[in-house]
Each structure stands twice: as structure tokens, then as C-alpha cells.
Amino acid sequence: MKIAVVRFPGSNCDHDLLHALKFRLKMDAEMVWWGKKNLDDYDAAFLAGGFSFGDYLRAGAIARFAPVMEGVAKLADSGKPVLGICNGFQILAEARLLPGALMHNKSMKFLCQDVFLKVEAANNVFTGKLHKGEVLSMPIAHMEGRYVADEATIKQLEAQDRVLLRYSQKDGSLSDDSNPNGSMGAIAGILSEKRNVAGLMPHPERVCEALLGGGEDGVKFFTSFIEGTKR
Amino acid sequence: MKPGILDPQGDAVRGALRALDTAKVANVRIGKIIEIDLEENDKNAAMTSVKGMCEKLLANPVTEDYHIDITGK
């Protein structure tokens, strides 16, 4: 399993992600720049957070036309795992590899805080080794993280069990207080129809070293992925 | 922005406009204007071209509607 950590001009979580995968979790992962069209040598692509192309026009709107997105789409089409974190999620949504859009937070403020996340779907390659209803703690850091989609799409996501994570209280219960950005259905992460493409706004790569504080729930998240890819 | 999509920026501006006591402001929606200079003299061709740009890049069909005005020199 060789993972491409995709870096765009303006990505800023790429090194954290590579560190988490390569040094903390001992995965075979390497940085791949946005100009690389062909990702046939990789078994998965992880799109890191940041402000690709300055977030100009809309977050992710320009990055989706980067040559590397051809390779990402090809991996996604062939059923290989593709994960977008924060800006990576925004890019996957703009690229239509995931439905819906990420809009300005309800508060119109940049949010940088720890949140609790309830695992909603545990039947996919990413969270398959976690338990449905399990609560994780991870930080968010975004301006445009409010998940929005039309009613039919939200219904479909719920019916097909494609809500990956939801913002919750520590005990897993849901309330307006625990939905930091006003996302529809408190959605923090979703899956594609084939369940091999996932996007989430929170940052698992930022909670992979106990030394840095904030716990190690990111390790749980990525370990689940590693286990999930083993046959 | 499509109807029904929460526009927190518009809501904040509505609040400020209501504070100006002359304004009977029911609702405010904020969008953006993009000005494009085209090297194209044919209006229909220009319309087709800009429409393509809107669909592909300039507007996000999930959240935004768009309207095109073509003005000559």
C-alpha cells in the first residue's frame, strides 16, 4: 500500500500528514506535487489541508483542475481509497468526487478548536475498524467548513449510510452547540457512493503525537484505515 | 447563492441595514460579480463561451446560480 500525499501550492498540512503516515504509522507514503498527472504507482491518494491556490474564487475550485486531479479521479474510479482532509475535502467536493459543498462557517469566523466526532459509518475502508457511535476528538481549522447539499442529496447520504462523521458532544449526543460551523445534519465527513472516497473537515493528522497534546485519536483513525486495507 | 442556502454574510448586512431606520429590508443575499473581457465580437458566441466558464469553474452548481450580462464597448 503506497499512499500519495497530494500537495498543491498553498497546502500547509502536507508535512503533518506525511509525518503521521510515514513516521508515526510506518506507512509507505510520499509527497506528490500537483503537476503530476499519473498516479498509477500509488494505491491511495490523501489530499492534505491548507489553502490551495489561495482559496481564490471558492476553496478548492481551482485546485480541482490541477493535473494531479486526473490521477486522483482515476484512483477513485478504480475503487482505490481517496481521502480529503479539510481543504482536501473541499477539493474533492469541487471535483464532484463527493457530493455537496463546503461553505462559509455560520459564524463567518475562522474556527480553530477541538471538536468531538461521532463515527456514523463504520463499514468502509477508512473507519471499518472503529465502532459505529464511537466518539473521537480532533481539531478543526477552517473558514469554509459548513457542509451544504440539496435535500435529496442529504436524504441519500443518510439512507445509504454515507455520513462518515458527525460533530457531536463528548457522549456522542448531537446538539446545536456541538455543530461548530452550522453544517447540515452536523455532517463533518462523508463517503462516496462506492465508499472508497471520503472527505472530512477535521484534522486527524494533527492528533497523532501525544507529545504535542490533544491526544492520539488520529492514530486510531489512520490505524483503522491501515487495518481496513489489509485483506 | 441559491434560495434556501444560509447566507450569514447577507444576514449580518440585513441587520445593519435594519439598524438604519429608514430601511424596510426583508432579506439580503450577497453574491459576487466577475467581469471578464472577451476578445469576441459575436454576442451569441460570447454567451456560449461565458456560460461554459460558469458551468465549469465560475459557479458551483450546488450552491450558486448565475446570470450573465453581455455588454459591448
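Residues numbered from 1 in each chain as written. Chains lettered and ligands numbered in written order. Predicted model: local features only at pLDDT ≥ 70, side-chain atom pairs only at ≥ 80, totals over all residues.

### Looking at the overall build of chain A
- Secondary structure summary: chain A contains five helices and eleven strands in total.
- A globule of 231 residues ought to have a C-alpha radius of gyration of about 17 Å, and chain A, at 16 Å, matches this closely.
- If you line up chain A on its principal axes, its C-alpha atoms span 45 × 35 × 35 Å.
- Across the 231 residues of chain A, 54% fall into the buried class.
- Pairs at least 24 residues apart make up 76% of the contacts formed inside chain A by residues separated by at least 6 positions. (Helix = DSSP H or I, 4+ residues; strand = E, 2+ residues; numbered from the N terminus. Rg over C-alpha atoms; globule rule 2.2 N^0.38 Å. Buried ≥ 20, exposed ≤ 12 C-beta atoms within 10 Å, placed from the backbone. Contact = placed C-beta atoms within 7 Å.)

### What about the interface of chain B and chain A?
- Opposite the nine residues of chain B that make contact, chain A presents eleven residues.
- Ranked by the residues each element gives to the side of chain B that touches chain A, the list is headed by helix H1 (residues 8–19) of chain B, at three residues.
- Here the side of chain B that touches chain A is composed, by residue class, of six nonpolar, three polar and no charged. (Nonpolar A, V, L, I, M, F, W, Y, C, P; charged D, E, K, R; others polar.)

### Side note on the sheet that holds strand E2 (residues 28–33) of chain A
Residue and element names in this part refer to chain A.
- Strand order in the open sheet made by the nine strands is E2-E1-E3-E4-E11-E10-E9-E6-E7, with mixed pairing throughout. A strand with exactly one partner marks an edge of an open sheet, and here the two such strands are E2 and strand E7 (135–142). Taking each pair of neighbouring strands and ignoring which way they run, the sheet shows an average axis angle of 25°.
- As judged from the three bridges shared by strand E9 (residues 163–168) and strand E10 (residues 187–191), these two strands associate in the antiparallel manner. Residue pairing in the sheet places Arg 166 in a bridge with Ile 187 of E10.
- Sitting on the sheet, helix H1 (residues 14–24) is in contact with strand E1 (2–7), E2, strand E3 (44–47) and strand E4 (82–85), with an inclination near 170° to E1. (Pairing = 2+ DSSP bridges. Axes fitted to C-alpha atoms, helices over the stretch in contact; angles between N-to-C directions.)

### Brief notes about the pairing of strand E11 (residues 197–200) of chain A
Residues and elements named next belong to chain A.
- Neither face of E11 is exposed, since Val 197 and Gly 199 on one face and Ala 198 and Leu 200 on the opposite face are all buried.
- In terms of strand pairing, E4 meets E11 through four bridges, oriented parallel. From the neighbouring strand, Ile 85 faces E11, where its bridge partner is Leu 200.
- Linking E10 to E11, which pair antiparallel, is a turn of five residues; within it Arg 195 sits at a positive phi near 65°.

### As for the domain arrangement of chain B
- Looking at the assigned domains, one finds that chain B contains domain 1 (1–31) and domain 2 (34–73).
- The C-alpha centroid of domain 2 of chain B is placed 26 Å from the C-alpha centroid of domain 1 of chain B. (Domains from an automatic or database assignment.)

### Overview of unusual backbone geometry
Residues and elements named next belong to chain A.
- Even without being glycine, Cys 86 reaches a positive phi, approximately 55°.
- Position of Cys 86 relative to the elements: it lies in the loop between E4 and helix H3 (87–94).
- The class of Cys 86 is buried, set by 29 C-beta atoms lying within 10 Å.
- One non-glycine residue, Asp 161, lies in the positive phi region at around 55°.
- Counting through the fold element by element, Asp 161 comes out in the loop between helix H4 (151–159) and E9.
- Its 15 C-beta neighbours within 10 Å are what place Asp 161 among the partly exposed residues.

### Quick word on the pairing of E10 of chain A
All names here are of chain A.
- Most of E10 is tucked away: five of the five residues are buried.
- Across three bridges, E10 lies against E11 in antiparallel orientation. Residue pairing in the sheet places Leu 191 in a bridge with Ala 198 of E11.

### Quick word on H3 of chain A
Residues and elements named next belong to chain A.
- With respect to burial, H3 is a largely interior element, eight of its eight residues being buried.
- Taken together, the buried positions of H3 are Asn 87, Gly 88, Phe 89, Gln 90, Ile 91, Leu 92, Ala 93 and Glu 94.
- Structurally, H3 contributes buried residues whose contacts are with E3, E4, strand E5 (101–104), strand E8 (144–148) and E11.
- Phi for Arg 96, located one or two positions after H3, is positive at around 65°.

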